[in-house]
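What follows is each chain in one-letter form.
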Amino acid sequence: MKSSSNRITAIVCAMIVCLFAGVASAAAPNIGVLIYKYDDTYISTVRNALTKALDGKAAITMQDGKGDQATQNDQLDVMISKKMNGLIVNMVDAQAAAGVLEKIKAAGIPVVFFNREPNLDVLKTYDKAVFVGTNAADAGRMQGDIIKQIWEGSKAVDLNGDGKFQYVMFKGEPDNPEAIARTEFSVKQAVEKGVVMEQIGQTFVCNWDTALAQQAMESALAANEGKIELVIANNDSMAMGAIAALSNVGYNIEGGGKFIPVIGVDATDQAIDAIGKGIMSATVKQDGEAMGQAVSTIILNMIAGKAPLDGTSYQYDDSGIAVRIPYSPFMGK
Ligand code: CA
């Protein structure tokens, strides 16, 4: 009896030793994460999702590029010198990806780029690189579908009764592929669905920024009082700026009254709150959680020497190197 209990004790001890040895030998990989800027609502949801998904599976070092590519380049150099096992990169300037990739490739580190899309032909030159993004045109098309729904939902939106939907457009950065696609496909889709669209003024390029959008909307309202029937914004931050300007002149105030439909993209907490209050019409949801989950799963696979999409339900698009996380519409009642 005694010897048997001793044996059990010995076995349990051996198991515990094995457990500890297991933890020690499978040391968590070091993953460097470069973010284009922390001060971006949507990217913050991705950051949180990444941190959560990698918790206990990797040691993360995350850096804020603060919207400056030179800063991000320096941060990359440090990550490489620290011999990270894997890198996750959200480019400040997607056009600068070739140089960034060159350094990562020379160091032989697996990398997942996400959100801001580098030239995929450049990315293809490195067999340890994957891109996780969305289909930029889809967000625009979804806005176009929403425009049609709003147009058909109420005759009251045609303020001047001319059968055309007069809109203002807020664009992110001038050369950003997502901004270009959203700007183009939102209107194109609405037109294809039978809505006659007419733009008021120039496209307002506001770099995704709330304050810039508010200023532009204030000028637009001053110059076109009563002529604007719809606000289309490439993201929710700019939509919020437009709503702030509208509320200053008595539109889109909680509790009813004069209202101009405003549509954004991202489904930020602020936008969902505004839609709930009835001061914004709709947004298009970029699933930051799903994005963070996909990026972390893929980089862990690559670090483990597996195929990037091993054990996942993700699929590459036609490029053979990019995974696209789908959008979904989010509308008020
Ligand atoms: Ca009209």
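What counts and how
Residues numbered from 1 in each chain as written. Predicted model: local features only at pLDDT ≥ 70, side-chain atom pairs only at ≥ 80, totals over all residues. Heavy atoms only, no water. 1 Å grid on protein atoms, 1.4 Å probe; cavity = no way out; pocket = protein on both sides within 12 Å on 5 of 7 lines; lining within 4 Å. Points joined across faces, edges and corners; volume = space filled by probe spheres on them. Helix = DSSP H or I, 4+ residues; strand = E, 2+ residues; numbered from the N terminus. Domains from an automatic or database assignment. Buried < 20%, exposed > 50% of the residue type's maximum accessible area, 1.4 Å probe, protein only. Pairing = 2+ DSSP bridges. Right-handed = clockwise from strand over helix to strand, strands pointing away. Buried area = accessible area lost by both parts, 1.4 Å probe.

A few words now on empty space enclosed by the protein. Considering all chains together, one arrives at two cavities of 30 Å³ or more under this definition. The space that makes up the largest cavity amounts to roughly 150 Å³. What lines the largest cavity is a set of 13 residues, among which Asp40, Asn115, Arg116, Trp208 and Gln286 lie closest to the centre. Looking at the lining of the largest cavity, the elements with two or more residues in it are α2 (41–54) and α7 (177–192). Two domains each put at least three residues into the lining of the largest cavity: domain 1 (30–133 + 289–328) and domain 2 (137–286). Volume-wise, the second largest cavity comes out at about 30 Å³. Taken together, Leu159, Leu221, Gly226, Lys227, Ile228, Tyr251 and Ile260 make up the full set of residues lining the second largest cavity.

Regular strands place their side chains on alternate faces of the sheet. Of all the seven residues making up strand β6 (residues 165–171), seven are buried; the element is thus mostly covered by neighbouring parts of the structure. Along β6, one buried face is formed by Phe165, Tyr167, Met169 and Lys171 and the opposite face, lined by Gln166, Val168 and Phe170, is buried too. Both β6 and strand β7 (residues 197–199) contribute to a ladder of three bridges, which runs parallel. Bridge pairing in β7 links Tyr167 to Gln199. In the classification by handedness, the crossover that spans β6, the intervening α7 and the parallel β7 is right-handed. In this sheet, strand β9 (residues 230–233) lies alongside β6 in parallel orientation, the contact comprising four bridges. Residue pairing for β9: Tyr167 is matched across the bridge by Leu230. Bridge count for β6 against strand β8 (residues 204–205) is two bridges, and the pairing is parallel. Bridged to Phe170 within β8 is Phe204.

When the domains of the protein chain are assigned, the result is domain 1 (30–133 + 289–328) and domain 2 (137–286). Its C-alpha centre places domain 1 at a distance of 31 Å from the equivalent point of domain 2. Approximately 1100 Å² of surface area, both sides summed, lies buried where domain 1 meets domain 2, with 49% of it carried by carbon and sulfur atoms. Looking at the side of domain 1 facing domain 2, the largest losses of area belong to Tyr42, Tyr327 and Ser328, adding up to 57% of the total buried there.

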